Amino acid sequence: MSKLTKIIKERRSVRKFSSLLPSKNLIDEVLEAGIYAASGRGKQAPILISITNKELRDTIAEENRKIGGWEGDFDPFYGAPIIILVIAPKDIPTAVYDGSLSIGNMMLKAQELGLGSCWIHRAKEEMESDLGKEILDKVGLKGDYIGIGHLALGIPDVPPEPIPERLPDRIFFID
Ligand SMILES: Cc1cc2nc3c(=O)[nH]c(=O)nc-3n(C[C@H](O)[C@H](O)[C@H](O)COP(=O)(O)O)c2cc1C
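Summarised in this report is the structure supplied together with it. (Residues numbered from 1 in each chain as written. Predicted model: local features only at pLDDT ≥ 70, side-chain atom pairs only at ≥ 80, totals over all residues. Heavy atoms only, no water.)

**Let's talk about the site of the ligand**
To keep it simple, the criterion reads: Think of it this way: one heavy atom of a residue within 4 Å of a molecule or strand is enough to make that residue near it. As used in this structure description, the phrase polar contact means that two N or O atoms lie within 3.5 Å; if the pair is within protein, one of them must be able to donate a hydrogen and the other to accept it, and residues adjacent in sequence are counted only when both atoms belong to side chains. Using the Shrake-Rupley algorithm and a 1.4 Å probe, accessible areas are obtained, with residue cover drawn only from the displayed protein chains.
Every residue lining the ligand is accounted for by Arg-11, Arg-12, Ser-13, Arg-15, Tyr-78, Cys-118, Trp-119, Ile-120, His-121 and Arg-122. The contact in question runs from an oxygen atom of the ligand to an N or O atom on the side chain of Arg-11, over 2.9 Å. For the ligand, an oxygen atom lies 2.5 Å from a polar atom in the side chain of Ser-13. Across the complex, the protein chains shield 62% of the 620 Å² of accessible surface that the ligand would expose by itself.

The structure is reproduced here in structure tokens:
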């Protein structure tokens, strides 16, 4: 099995993270993989916002919990100390596809580096809320952006999950 195939097959969503931050180099490598993803018409539309500020990270988690309708103190980011928020300008027709591919690249890079990751949804609603505007202000972005997804990233605090069987009849050939 090639190294890439192994990474693709063994990547699983991680849902329990250490509170320790991985080194900045590793975070940068993950972000780099995200911006090297293919993009519609090569426009490189996705913007990646890496959030390690604990206060903002917790505010985003709380907003995500409310959007998701969970009660109590559930953390939808599973304790991950890094949230990478992926957004793209609303006027890019392929914005969601482009951002999704960036997230996919980052998940695979995280796996290669021994980090854990999990796609966390509800970025669209978040970017439509006051919190979304606050985040844009913090990084000095102006304009309309669609929230595509978040990547919860960090050091896994659980052993790797087994690889589920793939469902049959998902590949067809027309020769
Ligand atoms: C578009 C998308 C949205 C997702 N949203 C969430 C989420 O909000 N919370 C979560 O725990 N996992 C989320 N996931 C992770 C999936 O649940 C996970 O990928 C799936 O169960 C398959 O498991 P695996 O990633 O370990 O292969 C999301 C995945 C995708 C692709």
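Read on, since the account is not over.
**Overview of the pattern of salt bridges**
Worth spelling out the cut-off: In what follows, salt bridge is the name for a side-chain nitrogen of Lys or Arg lying within 4 Å of a carboxyl oxygen of Asp or Glu. Note on conventions: DSSP H or I runs of at least 4 residues are helices, E runs of at least 2 residues are strands, and numbering of each starts at the N terminus. In this scheme, a residue with accessible area under 20% of its type's maximum is buried, one over 50% is exposed, and one in between is partly exposed, where area comes from a 1.4 Å probe on protein chains only.
Counted according to the given criterion, the structure contains 11 salt bridges. Between Glu-29 and Lys-109 there is a salt bridge whose closest N-O contact spans 3.6 Å. Of this pair, Glu-29 sits in helix H2 (residues 24–35) while Lys-109 sits in helix H4 (residues 95–112), and the two are 80 residues apart along the sequence. The exposure class assigned to Lys-109 is partly exposed, which follows from its relative accessible area of 22%.

**Side note on the pairing of strand S4 (residues 145–154)**
Stated formally: Two strands are said to pair when DSSP picks up at least two bridges between them.
With respect to burial, S4 is a largely interior element, 10 of its 10 residues being buried. Looking at chain direction, strand S2 (residues 82–89) and S4 are connected through eight bridges and run antiparallel. Looking across to S4, one finds that Ile-84 is bridged to Leu-151. Inspection of the sheet shows strand S3 (residues 116–120) paired to S4 by five bridges, in the antiparallel sense. Note on S4: the bridge partner recorded for Trp-119 is Leu-151.

**With respect to the packing of helix H3 (residues 54–68) against helix H6 (residues 130–139)**
Inclusion rule: Here, axes are lines fitted to C-alpha atoms. For helices the fit covers the stretch in contact, and angles between N-to-C directions go from 0 to 180 degrees. With respect to orientation, any angle under 35 degrees is reported as roughly parallel, any angle over 145 as roughly antiparallel, any angle of 65 to 115 as roughly perpendicular, and every other angle as oblique. Rotating anticlockwise by less than a right angle from the far helix to the near helix defines a left-handed crossing, while the corresponding clockwise rotation defines a right-handed one. Any pair of residues with heavy atoms lying within 4.5 Å of one another is described as a contacting pair. The residue classification treats Ala, Val, Leu, Ile, Met, Phe, Trp, Tyr, Cys and Pro as nonpolar and Asp, Glu, Lys and Arg as charged. All others, Gly included, are polar.
For the pair H3 and H6, interaxial distance at closest approach is 11 Å and the crossing angle is 155°. With respect to their mutual orientation, H3 and H6 come out roughly antiparallel. Both H3 and H6 take part in a crossing whose hand is left-handed. Residues Leu-56, Thr-59, Ile-60 and Glu-63 of H3 touch H6, and the partners they reach there are Leu-131, Ile-135 and Lys-138. For the contact of H3 with H6, the residue count by class is four nonpolar, one polar and two charged.

**Some words on the pairing of S2**
Across the eight residues that make up S2, a large majority, seven, are buried. In terms of strand pairing, strand S1 (residues 47–51) meets S2 through five bridges, oriented antiparallel. Bridge assignment links Ile-51 to a residue of S2, and that residue is Ile-83.

**Observations concerning the side chain of Arg-122**
Note the following rule: Here the positive residues are Lys and Arg and the negative ones are Asp and Glu; neither His nor the chain ends is included.
Relative to the assigned elements, Arg-122 resides in the loop between S3 and helix H5 (123–128). For the buried Arg-122, no salt bridge exists, and the shortest N-O distance to an oppositely charged side chain is 6.7 Å, to Glu-125. Side chain to side chain, Arg-122 and Asn-64 meet in a polar contact 2.7 Å long. Once residues within four sequence positions are removed from consideration, Arg-122 is found in contact with Asn-64, Ile-67, Gly-68, Trp-70, Pro-76 and His-150.

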